[in-house]
Amino acid sequence: MPRVHAFLLRIACLVLPASFRQDYQREIMLVFREELSSRSGASGGAIRVWLSLLPDLIETAIREHAGLFKSDLLLWLRFVGRRKAFAAGLIGNFAVSIALASAMFSVTYALLLRSLPYHDPDRIVRLENFPAVLAQSNPGVVRDWLKTQKVFEDLAYYSPWGGNLEGEDRTVRVKAASVSGSFFGVFGQSVLLGSDFDESSGAFAVLGEQVWQDVFGGDPTVVGRTIRVNGEQLRVNGVMRPGFRFPESTQVWTYTRGDETLSRLFEEQQAVFTFVAARRESSVAPPVDSGPEISYPLAERPPGFLSLLVRVHGNPLDAVRPIQQAIRDEAPQATVFDARPMTEYVAESLTSHRLYALILGTFAILSTATSIAGLMSVALFYVSSRRQELGIRLALGASMFRLTSLVARQGMPLLFAGVLVGEVLACAGGRGIAALLAGVQPLDPAVHLAVSTALLLSGILAMLICSLKVIRLDPNVTLRAQ
Amino acid sequence: MARAPARDPAEQLPLSPLHFHILIALVEGERHGYAIKKSIADSSAGMLEPGAGSLYHAIKGLLAGSLIEEAGERPDPHLDDERRRYYRITRYGQQVARAEAGRLAALLRRTRRLPGFASD
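Since the structure is predicted, the reported quantities are computational estimates derived from the model, not experimental observations.

**A word on the overall build of chain B**
Inference 1: The secondary structure content of chain B amounts to four helices and three strands.
Inference 2: Ordered by position in the sequence, the α and β elements of chain B form the string α-β-α-α-β-β-α.
Inference 3: Looking at the 120 residues of chain B, the share that counts as buried comes to 38%.
Inference 4: Look at the contacts in chain B between residues 6 or more apart in sequence, and 53% of them connect residues 24 or more apart.
Inference 5: Of the roughly 7,200 Å² of accessible surface on chain B, a fraction of 54% belongs to carbon and sulfur atoms.

Here's what the structure looks like:
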């Protein structure tokens, strides 16, 4: 048989269980060789042999694995039936370990490791206390300056406030923010339902996913309906994706576009504050006739200052100085401070949370290590309880590989049962934590997968190490000890 | 030493077509895997051509049920000098094969009595 066929057949045989391969792979290869030689004269003979062999091997592999699983399961059920307390202890230990570690790591991951849910958060600069008076006193200057600058890619403002959102059957207090039309674009965010702020006139709102679920029961027809916040009627344009709550756990973002031009608004003193938000690409010249993008009269909420968000090209700190300089030039009395990249701003606001998360993470690692140690002890007990059986198998000539894989395979159902129960507990606990802590996802797949995999592998490793410990003993000694 | 109680061949019935054909192939004498496969293809007029995996899965099952046993390894004089594992049918396997043949014969007789199934 040509070497390439032999090599490919060895690879194909890997789908079969190791024990079956050990007993029959050589015979299967001999049959295959005869098949090949009997069809060597026919055109495409080798391909036909392969096409008939591969499905057959897969079918055989499924049957063999199913047979092994069935016998392992029966053996496991007999074992569990004899040692109910042990099985319950192992599953319980494993389940509680997974549940606790998942919960603790979810919090740690959300606060310490996961990056902000924004597109390139390190390129967003937040300027606190941008003087609204600057825009009011000479809006044209600000607008022109924004037109000519080449540093920003996108720019938006926001002004947080709180309001009463009237739902169908109840009114809830929500955190809201008046934002510019480019607000979500700066964060690189898109809505879950509907659209963000469009170009038509009127007052709009985008709802947060949580308030959409809590107040409107996740009803998708809320998009297009009119809601009332503080008595003000707003048309719901869309629902934001889960996780986005900027600023300060905001659940309603509002935006008003008037027909009036910016200058008219100022001339007539209709606006208490207005601001210009402009979108500029460094490589694209700004349109000459570009007018104000938004204007928002909010007589009932006179702000002294705004918060400005700028998405910049390159190093965000390079953009801060020109912004501050431009403001100083136009309004010497104004001081813009707290101009920092978004990542830094968020990091500072999370300092105390991060400390708790660090402590929690340390405890999570310690508890996981303790769980693994406990698992090792239980595994040692499990393997030791089968010492006589393993000794007999060893004396009858079973290889060390077969015995260790047998022990690991038969311990797997216990471990899987533990993972299953643990995941159910972790999900239930995670929902409680998510309700208490913003940004913690109860079903964070990365955390759950990592914790379950780590503990499962530790369990398998513990079984293997303990079985090796027993198997390495002299079978005579092992048997005599019973 | 106490002898193991005799097993009832009826416990194994009905046999799958592949298991039955393997037993029939081995009634004629000891054979290795490829020879069993050829014999099955011949006796079933090409209707049953098990793949190597299915064949050895069936052989494994028959060995586990003590219907066949290994008869050592030796080269096939007709093929080459490579050593092959031979199998032979056991006494119990012969009883099971006879019981299966009887079951099939009874089924055939009953079928032939049905309208439209009578042999010419």
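**Notes on the pattern of salt bridges**
Inference 1: Scanning the model with the defined rule gives 14 salt bridges over all chains in all.
Inference 2: For Asp 219 of chain A, the salt bridge goes to Arg 225 of chain A, with nearest N and O atoms at 3.2 Å.
Inference 3: On the basis of relative accessible area, Asp 219 of chain A is assigned to the partly exposed category, the value being 24%.
Inference 4: The partner of Glu 69 of chain B in a salt bridge is Arg 88 of chain B, with the nearest N and O atoms 2.8 Å apart. Taken together, the residues Glu 69 of chain B in strand S2 (residues 68–75) and Arg 88 of chain B in strand S3 (residues 83–89) connect sequence positions 19 residues apart.
Inference 5: On the basis of relative accessibility, which here comes to 33%, the residue Glu 69 of chain B falls in the partly exposed class.
Inference 6: The exposure class of Arg 88 of chain B is partly exposed, given its relative accessible area of 31%.
Inference 7: Overlapping salt bridges, with partners in common, bring together Arg 26 and Glu 27 of chain A together with Glu 70, Glu 73 and Arg 85 of chain B in one network.

**Quick look at the pairing of strand S6 (residues 226–229) of chain A**
Residue and element names in this part refer to chain A.
Inference 1: Side chains Ile 227 and Val 229 project from S6 onto a buried face, and the interleaved Thr 226 and Arg 228 project onto a face without burial.
Inference 2: Bridging between S6 and strand S7 (residues 232–240) involves four bridges; their strand directions are antiparallel. Across the sheet, Arg 228 pairs through a bridge with Gln 233, a residue of S7.
Inference 3: Linking two consecutive strands that pair antiparallel, namely S6 and S7, is a turn of two residues; a positive phi of about 55 degrees is found at Asn 230 within it.

**Here's the deal with the packing of aromatic side chains**
Inference 1: Scanning the model with the defined rule gives three aromatic pairs over all chains in all.
Inference 2: Between Phe 20 of chain A and Tyr 24 of chain A the ring centres are 5.0 Å apart and the planes differ by 45 degrees, which places this aromatic pair in the tilted class. Placement of the pair is Phe 20 of chain A and Tyr 24 of chain A together in helix H2 (residues 18–38), with a separation of four residues, close to one helical turn.
Inference 3: By relative accessible area, Tyr 24 of chain A is classed as buried at 4%.
Inference 4: Between Tyr 24 of chain A and Tyr 56 of chain B, the aromatic rings sit 5.5 Å apart at their centres with planes inclined by 35 degrees, giving tilted as the arrangement. Of this pair, Tyr 24 of chain A sits in helix H2 while Tyr 56 of chain B sits in helix H3 (residues 52–64), placing the two residues on different chains. Exposure class is identical for Tyr 24 of chain A and Tyr 56 of chain B. Each is buried.
Inference 5: Among the aromatic residues, ring-to-ring pairing joins Phe 20 and Tyr 24 of chain A together with Tyr 56 of chain B into one connected group.

**Considerations on the sheet that holds S3 of chain B**
Residues and elements named next belong to chain B.
Inference 1: An order of S1-S3-S2 is seen for the three strands of this open sheet, with the pairing classed as antiparallel. A strand with exactly one partner marks an edge of an open sheet, and here the two such strands are strand S1 (31–32) and S2.
Inference 2: Pairing between S2 and S3: six bridges, direction antiparallel. Bridge pairing in S3 places Ile 68 opposite Ile 89.
Inference 3: Packing against the sheet, H3 makes contact with S2 and S3, and its axis sits at approximately 125 degrees to S2.

**Examining the interface of chain A and chain B**
Inference 1: Residue-level contacts link 19 residues of chain A with 20 residues of chain B.
Inference 2: Across the chain A to chain B interface the summed buried area is about 1,800 Å²; carbon plus sulfur atoms make up 50%.
Inference 3: The salt bridge involving Glu 34 of chain A is made with Arg 84 of chain B; its shortest N-O contact spans 2.6 Å.
Inference 4: One can count 11 residue pairs in polar contact (both at pLDDT 80 or more) joining chain A with chain B.
Inference 5: Breaking the side of chain A that touches chain B down by element, the ones donating at least two residues are H2 and helix H3 (45–82) of chain A.
Inference 6: Of the residues that constitute the side of chain A that touches chain B, the class distribution is seven nonpolar, two polar and 10 charged.

**Quick look at a nonpolar patch on the surface**
All names here are of chain A.
Inference 1: Residues Val 4, Phe 7, Leu 8, Ile 11 and Leu 14 make up a contiguous nonpolar surface patch of roughly 490 Å² in combined accessible area.
Inference 2: Along the chain, Ile 11 falls in helix H1 (residues 3–12).
Inference 3: The exposure class of Ile 11 is partly exposed, given its relative accessible area of 44%.

**A closer look at the confidence of the model for chain A**
Inference 1: Residues at a pLDDT of 70 or more form 62% of chain A, whose mean pLDDT is 70.
Inference 2: Note that pLDDT drops below 50 for residues 133–139 of chain A; the model gives that stretch 15 contacts with residues more than four away or on any other chain.

**Quick look at the packing of H1 of chain A against H2 of chain A**
Residue and element names in this part refer to chain A.
Inference 1: Put simply, H1 and H2 touch, their axes get as near as 11 Å, and they point 135 degrees apart. Regarding the angle of H1 to H2, the classification is oblique. Considering the relative orientation of H1 and H2, their crossing is right-handed. In this structure, H1 uses His 5, Ala 6, Leu 9 and Arg 10 to contact H2, whose residues at the interface are Gln 25, Met 29, Phe 32 and Leu 36.
Inference 2: Considering only residue class, the contact of H1 with H2 consists of five nonpolar, two polar and one charged.

About the cut-offs
Positions within a chain are numbered from 1, following the residues in the order the chain's sequence is written. Ligands are numbered from 1 and chains lettered from A, in the order in which they are written. Per-residue local features of the predicted model are confined to residues with pLDDT of at least 70, and side-chain atom pairs are confined, for both listing and counting, to 80 or more; whole-chain, interface and lining totals are unaffected and use all residues. Note that water and hydrogens are dropped before the side-chain values are worked out from all heavy atoms of the structure. The helix count covers DSSP runs of H or I at least four residues long, the strand count covers runs of E at least two residues long, and both are numbered beginning at the N terminus. Each residue's exposure class comes from its accessible area (1.4 Å probe, protein chains only) as a fraction of the maximum for that residue type: buried when under 20%, exposed when over 50%, partly exposed otherwise. Working rule for contacts: check all heavy atoms of both residues, and any pair within 4.5 Å makes them a contact. The protein chains shown are the only cover counted for residues, whose accessible areas, like all others here, come from Shrake-Rupley with a 1.4 Å probe. In what follows, salt bridge is the name for a side-chain nitrogen of Lys or Arg lying within 4 Å of a carboxyl oxygen of Asp or Glu. Whether two strands pair comes down to DSSP finding at least two bridges between them. For Phe, Tyr and Trp, rings pair up if their centres lie within 6.5 Å, where Trp contributes its six-membered ring, and each pair is then called stacked (planes under 30 degrees apart), edge-to-face (over 60) or tilted (otherwise). Orientation is described by lines fitted to C-alpha atoms, with helices fitted over the stretch in contact, and by angles between N-to-C directions that extend from 0 to 180 degrees. Here the quantity called buried area is the total loss of accessible area, with a 1.4 Å probe, experienced by two parts when brought into contact, counted for both. Polar contact is defined as a pair of N or O atoms within 3.5 Å, subject to the rule that within protein one atom must be able to donate a hydrogen and the other to accept it, and that residues adjacent in sequence are counted only when both atoms are side-chain atoms. Basically, the charged four are Asp, Glu, Lys and Arg, the nonpolar ten are Ala, Val, Leu, Ile, Met, Phe, Trp, Tyr, Cys and Pro, and anything else, Gly included, counts as polar. Like-charged residues within 9 Å of one another, or nonpolar side chains (Val, Leu, Ile, Met, Phe, Trp, Tyr) within 5 Å, are grouped into patches, provided each residue has over 30% relative accessible area and no salt bridge. Each residue carries a pLDDT score, the predictor's own confidence in it, on a scale running from 0 to 100. Reported orientations rely on four angle classes, namely roughly parallel under 35 degrees, roughly antiparallel over 145, roughly perpendicular from 65 to 115, and oblique for the rest. Crossings are sorted by hand: turned counterclockwise from the far helix by less than a right angle, the near helix makes the crossing left-handed, and turned clockwise it makes it right-handed.

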